[in-house]
Amino acid sequence: MIQLLRIDTLRKMSADELDALARQAVKLEKEAKDATTAHKSSFPAAGKVVCAIEERLNALKAQRLIASNTSLAAYWESITKTRINNHALSCAVTFGTFVRTELIAERDYDLNTAQCLELAAAISTAVGGDVTHVAVVQTSEQLKERGKDAAKTLRVILDKVKERKTITAEKAAEMLKAIFQDGHLELALHAAGAEVAYVNDAETLERIFGALNLALDHCGTVEQQEAWLEKKAEATAPVRVAA
């Protein structure tokens, strides 16, 4: 770690001293990046360790050598004195869902990136661990093929099965306010107009109709609206072919 010095102190340093600090800063930055990369790449390996610990815990429970209600999280913490890393736990879920059930080989697990393994875990969780679910089957194919767009494809699968979080009316109002403030009113109106076509409920349509009429009351003058309607009529009028 570089010592935090006063700017006056730095200014008084010789060129060689200041250059040495600059090189030290770059070195520390590289070491930090390398450490981060190594940490991320260790998740799949840590996931396997979690699985092995889980198997030992289950064996102890079967032998009645540990309380049957001991959770994996609590058992892990009793060993390591820290909580299970969420990324490692996600990889463990993938190992359990796909390797233990022989949907993929252990080698497939080893050759996948931590990112793809964690996406696979999210898909498994979203379908309740159902290994017969079509999303899990599709995911296993992606883990075996390991194409260049595997992560992107897995996100698409996840989006199809993940429960969408609904937003409150208050949150929606905040988002609309931001959209309008950024000058996207026309875009929002076009999008809303397209969505109206899919509304079938009569009461909802009536409320939308009222809102649209209210919006029209604020959209230009009566003269302007009449001019716009005439312009639209001219543009959509059938072309007459001379006899």
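Up top is the structure.
Residues numbered from 1 in each chain as written. Predicted model: local features only at pLDDT ≥ 70, side-chain atom pairs only at ≥ 80, totals over all residues. Heavy atoms only, no water.

Concerning a negative patch on the surface
Here comes step 1: The grouping of Glu223, Glu226, Glu230 and Glu234 at the surface amounts to a negative patch.
Here comes step 2: The residue Glu223 is located in helix H13 (residues 222-236) in this model. (Patch = residues over 30% accessible without salt bridge, like charges linked within 9 Å, V, L, I, M, F, W, Y side chains within 5 Å. Areas by Shrake-Rupley, 256 points an atom, 1.4 Å probe, with all protein chains shown as cover. Salt bridge = Lys/Arg side-chain N within 4 Å of Asp/Glu carboxyl O. Lys, Arg positive; Asp, Glu negative; His and termini not counted. Charge placed at Lys NZ, Arg CZ, Asp CG, Glu CD. Helix = DSSP H or I, 4+ residues; strand = E, 2+ residues; numbered from the N terminus.)

Quick word on helix H3 (residues 43-62)
Here comes step 1: Between the first and last C-alpha of H3 there are 28 Å, a value that for 20 residues agrees with the 28 Å anticipated at 1.5 Å per step.
Here comes step 2: Listed in full, the buried residues belonging to H3 are Phe43, Pro44, Gly47, Val50, Cys51, Ile53 and Leu57.
Here comes step 3: Against the buried residues of H3 lie helix H2 (15-41), helix H4 (72-80), helix H5 (86-99), helix H6 (106-111) and helix H7 (114-126). (Expected span 1.5 Å × (residues − 1). Buried < 20%, exposed > 50% of the residue type's maximum accessible area, 1.4 Å probe, protein only. Contact = heavy atoms within 4.5 Å.)

Some details on the packing of aromatic side chains
Here comes step 1: Within this structure, the stated rule accounts for one aromatic pair.
Here comes step 2: Between Phe95 and Tyr109, the ring centres sit 5.2 Å apart and the planes meet at 90°, which makes this aromatic pair edge-to-face. Highlighted residues: Phe95 in helix H5 and Tyr109 in helix H6, separated in sequence by 14 residues. For the residue pair Phe95 and Tyr109, the accessibility class agrees, reading buried in each case. (Phe/Tyr/Trp six-rings, centres within 6.5 Å; stacked < 30°, edge-to-face > 60°.)

Thoughts on helix H9 (residues 150-161)
Here comes step 1: Taking 1.5 Å per residue as the helical rise, H9 with its twelve residues ought to reach 16 Å, and the 17 Å between its terminal C-alpha atoms agrees with that figure.
Here comes step 2: Buried within H9 we find Ala150, Ala151, Leu154, Ile157 and Leu158. What you see down the axis of H9 is that its buried residues fit within an arc of 120°, all on one side. Exposed and facing more than 90 degrees away from the buried side of H9 are Lys152, Asp159 and Lys160.
Here comes step 3: Those residues of H9 that are buried lie in contact with H7 and helix H8 (134-145). (Arc of directions from axis to C-beta.)

Comments concerning the packing of H3 against H4
Each pair of packed helices can be described by the angle between their axes along with the distance between the axes.
Here comes step 1: It is at 10 Å that the axes of H3 and H4 come closest, and there the two elements cross at 105°. Classified by the angle their axes make, H3 and H4 are roughly perpendicular. Contact residues: Val49, Val50, Ile53, Glu54, Arg56, Leu57 and Leu60 in H3; Leu72, Tyr75, Trp76 and Ile79 in H4.
Here comes step 2: Across the contact of H3 with H4, the residue classes break down as nine nonpolar, no polar and two charged. (Axes fitted to C-alpha atoms, helices over the stretch in contact; angles between N-to-C directions. Parallel < 35°, antiparallel > 145°, perpendicular 65-115°, else oblique. Nonpolar A, V, L, I, M, F, W, Y, C, P; charged D, E, K, R; others polar.)

Brief notes about the environment of Lys48
Here comes step 1: Here Lys48 lies in helix H3.
Here comes step 2: Along the chain, Lys48 and Leu187 lie 139 residues apart, while their C-alpha atoms are 49 Å from each other.
Here comes step 3: When neighbours within four sequence positions are excluded, Lys48 is seen to be in contact with Phe95, Glu106, Tyr109 and Asp110.
Here comes step 4: A distance of 2.7 Å separates a polar atom in the side chain of Lys48 from a polar atom in the side chain of Asp110. (Polar contact = N/O pair within 3.5 Å; in protein donor to acceptor, adjacent residues only side chain to side chain.)

Quick word on the nonpolar core
Here comes step 1: Residues Val50, Tyr109 and Leu143 are the most contacted members of the largest nonpolar core, which totals 32 residues.
Here comes step 2: Breaking this core down by element, the ones donating at least two residues are H3, H4, H5, H7, H8 and H9.
Here comes step 3: Not counting residues within four places of it along the chain, the set of residues in contact with Leu143 comprises Thr94, Phe98, Ile104, Asp108, Asn112, Cys116, Leu117 and Ala120. (Core = buried A, V, L, I, M, F, W, Y, C linked by side-chain atoms within 4.5 Å.)

Brief notes about the state of the cysteines
Here comes step 1: In total, this model carries zero disulfides according to the counting rule given.
Here comes step 2: Considering cysteine sulfurs only, Cys91 is the nearest to Cys51, which forms no disulfide, with 9.3 Å between them.
Here comes step 3: Using a relative accessible area of 2% as the deciding quantity, one classes Cys51 as buried. (Disulfide = S-S within 2.5 Å.)

Focus: unusual backbone geometry
Here comes step 1: The backbone of Arg64 shows a phi angle near 55°, a positive value even though the residue is not glycine.
Here comes step 2: Mapped onto the elements of the fold, Arg64 is located in the loop between H3 and H4.
Here comes step 3: Here Arg64 falls in the exposed class, since its relative accessible area comes to 78%.
Here comes step 4: Non-glycine residue Arg146 carries a positive phi angle of around 55°.
Here comes step 5: Within the secondary structure layout, Arg146 lies in the loop between H8 and H9.
Here comes step 6: For Arg146, a relative accessible area of 31% puts it in the partly exposed group.

Purely geometric numbers; function is a separate question.
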